[in-house]
Amino acid sequence: MKGFEETLPLIAALLAAIVLFLGVITAIKKSLTPPSRNDTIDSTLLLKEQKRRMDDIQSRQKQFMRDQRQKIRDMQRL
């Protein structure tokens, strides 16, 4: 019985070490592989969407400024 009590923790430690080793190897392999083409295409689409939103915000800001100037002119006439 004493031999079994000594080998059980050893077996559990070996299994844990193997799992950790395989996890580290997998993580290193994933970090070294180049990104797929889909990732770069998505980034260009995101940049286009960001530019479109920025242009939309700028046009809204210009329209708001025009409206404010017109309100000021209208108030000065009164």
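Preceding this section is the structure that the text describes.
Report on the accompanying structure. (Residues numbered from 1 in each chain as written. Predicted model: local features only at pLDDT ≥ 70, side-chain atom pairs only at ≥ 80, totals over all residues. Heavy atoms only, no water.)

1. Here we look at the overall build of the chain
Here is step 1: Scanning the chain from N- to C-terminus turns up two helices and zero strands.
Here is step 2: Across the 78 residues that make up the chain, the buried fraction comes to 0%.
Here is step 3: Working note: accessible area of the chain is about 7800 Å², and carbon and sulfur atoms make up 66% of it. (Helix = DSSP H or I, 4+ residues; strand = E, 2+ residues; numbered from the N terminus. Buried < 20%, exposed > 50% of the residue type's maximum accessible area, 1.4 Å probe, protein only. Areas by Shrake-Rupley, 256 points an atom, 1.4 Å probe, with all protein chains shown as cover.)

2. Things to note about a positive patch on the surface
Here is step 1: Taken together, the side chains of Lys 62, Arg 66, Arg 69 and Arg 73 make up a positively charged region of the molecular surface.
Here is step 2: Relative to the helices and strands, Arg 73 resides in helix H2 (residues 37-77).
Here is step 3: You can call Arg 73 partly exposed: its relative accessible area is 43%. (Patch = residues over 30% accessible without salt bridge, like charges linked within 9 Å, V, L, I, M, F, W, Y side chains within 5 Å. Salt bridge = Lys/Arg side-chain N within 4 Å of Asp/Glu carboxyl O. Lys, Arg positive; Asp, Glu negative; His and termini not counted. Charge placed at Lys NZ, Arg CZ, Asp CG, Glu CD.)

3. Remarks on a nonpolar patch on the surface
Here is step 1: A contiguous nonpolar patch, built from Ile 11, Leu 15, Ile 18, Phe 21, Leu 22 and Ile 25 and spanning about 590 Å² of accessible area, is present on the exposed surface.
Here is step 2: Structurally, Leu 22 is set in helix H1 (residues 2-32).

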